[in-house]
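A look at the structure
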Amino acid sequence: MSVTVYKNAQFPNEKTTTNFVVEGTKFVQVGGDTSTFEKSADVKVVDLKGKLTIPPFADAHIHLDYVYTANLPTHETSSGTLFEAIDNWSESKSKLTVDAIKSRAYIAIKQQISHGVQYVRTHVDVTDPNFTALKAMLEIKEQLKDYMEIQLVAFPQEGYYAYKGGADLVEEALKQGADVVGGIPHFEFTREDGVKSVEKGFELAMKYNKLLDFHCDETDDEQSRFSESIAALTYFNGLQGRTAASHTCAMGSYNNAYAFKMMTKYKKAGLNFIVCPTENCYLQGRYDSYPKRRGISRVDELTRNGLNVSFAQDSISDPWYPLGNGNLMHQLDFGLHLSHMMSVDEIKDSLKFVTSNGAKTMCVQDYGIKDGNTANFVVLDEDNVFDAVRNTASTILSVRQGKVIMEKAPETVLTKYDF
Ligand code: FE2
């Protein structure tokens, strides 16, 4: 079995560097004296030169079946709103093919890998009786498992009930291999249908033993309160930690009395929150003049209340959002700004939003640089967390199951300055 000793790794906020040993696919020794390993003839030694070494990035919310569709003729939006984008998507998605979806997804996944992402939860639109996107993503999930752990959400983009037969399509997608039950209660026709869709989602999750992740309250409408239904059903069904509410933009518009009450309920439910900083600061506030809301949930208050919050990409160039490149350091930069979380201590503690918190939401087993865990880690081109965040540091090495899956030359300025 191959053995590699990695020397001089800088773990976040540690005073000194650490050596660690990877044997085959596992970390076998993290820290301590690695000289015995180094003396063996067939051992490879890699000097990480004090660069920041962390567990891989985890993107808990993206739509890989939508990537690079922004410029398709029917996909231009005039309003820049979520709801116009959903209508445009509905009109054109029947023309998509498995091969076209796969070839676009490969480009996005390569970008994600180049940014150190190894865990991805992707929502797959199942409001399509042909399951074109699901077929494509099931193939990709299996094909690329050595590069990335991909979870598929059975996501009814057009609703459980707003789309005829949507609930049955979600169930069928779970039978075909989707890992997570999705939903979009704020898109259903009525509040009652929205609550009913959440209830149906929980029924399916219990029946098929799946995780849950709803697009939830992705609107500036302060009356949109589906996170309370999700929290209640999580709590009463004993599914703490297995459920996520994505977006929760409306929480930024809730009155404090309601928001503060809900914090204790979310806590009891162990609800995970996924926030998509660039996507929602672009999509929300579209019905405001000034002041304009920026679509951000209460990341600071949720975090202070001990809730698990992660930042995610959501879109790469699709009808909902024109930019995006899979770099979660960019999401972290935006997320910290929009959430007013920029004290020195908050910045030093912020990598969790794009690493461990996303992995926790995805219920990833075996995550982290520890003895006995699978040897998955990345190295950033900085030597401390503060500068890594400030400079949105590049990932220069990604190791998965003990193998290098991505290596990048550090950026070098060639110009000689006279000062
Ligand atoms: Fe989404």
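Attention in this report is confined to the structure presented alongside it. (Residues numbered from 1 in each chain as written. Predicted model: local features only at pLDDT ≥ 70, side-chain atom pairs only at ≥ 80, totals over all residues. Heavy atoms only, no water.)

1. Notes on the pattern of salt bridges
The condition that has to hold: Every case where a carboxyl oxygen of Asp or Glu lies within 4 Å of a side-chain nitrogen of Lys or Arg is listed as a salt bridge. Think of it this way: any DSSP run of H or I at least four residues long counts as a helix, any run of E at least two long counts as a strand, and we number them from the N terminus. For each residue, the accessible area found with a 1.4 Å probe, counting protein chains only, is set against the maximum for its type, and the residue is called buried under 20%, exposed over 50%, and partly exposed in between.
Inspection of the entire model under this criterion finds 16 salt bridges. Asp381 is paired through a salt bridge with Lys51; the nearest N and O atoms lie 2.7 Å apart. Of the two residues, Asp381 is situated in the loop between strand E14 (377-380) and helix H14 (385-390) and Lys51 in the loop between strand E4 (44-47) and strand E5 (53-54); the sequence distance between them amounts to 330 residues. Using a relative accessible area of 18% as the deciding quantity, one classes Asp381 as buried. Via salt bridges that share partners, Lys93, Asp125 and Glu158 belong to a single interconnected network.

2. Quick word on the coordination of the iron ion
Formally: Donor atoms (N, O, S) are those found within 2.8 Å of the metal centre, with the cutoff raised to 3.2 Å for Na, K and Ca; water is not part of the atom list, so apparent gaps in a site can occur. Between 85 and 135 degrees for all angles marks four donors as tetrahedral; over 155 degrees for opposite donors together with 65 to 115 for all other angles marks four donors as square planar and six as octahedral; every other arrangement is irregular.
Protein coordination at the iron ion comes from His61 (NE2), His63 (NE2), His215 (NE2) and Asp314 (OD), with a distance range of 2.1 to 2.5 Å. Given four donor atoms and angles of 85 to 177° at the metal, the environment of the iron ion is assigned as irregular. Counting the intervening residues between successive donors of the iron ion yields the motif H-x1-H-x151-H-x98-D. With a gap of 154 residues between them, His61 in strand E6 (residues 57-62) and His215 in strand E10 (residues 211-216) connect regions that are remote in the sequence. Take His215: its relative accessible area is 3%, and that puts it in the buried class.

3. Some thoughts on the sheet that holds strand E2 (residues 18-23)
The following threshold applies: Strands pair, by our definition, only if DSSP identifies at least two bridges between them. Each axis is a line fitted through C-alpha atoms, and for a helix only the stretch in contact is used; angles between axes span 0 to 180 degrees, taken between their N-to-C directions.
Pairing in this open sheet of four strands is mixed, and the strands run E3-E2-E1-E4 from one edge to the other. Of all strands in the sheet, those bounded by a partner on one side alone are strand E3 (26-30) and E4. Each adjacent strand pair in this sheet contributes to an overall mean axis angle of 25°, direction not counted. Pairing geometry for strand E1 (residues 3-9) and E4, over four bridges, is parallel. Of the residues in E4, the one forming a bridge with Val5 is Val45.

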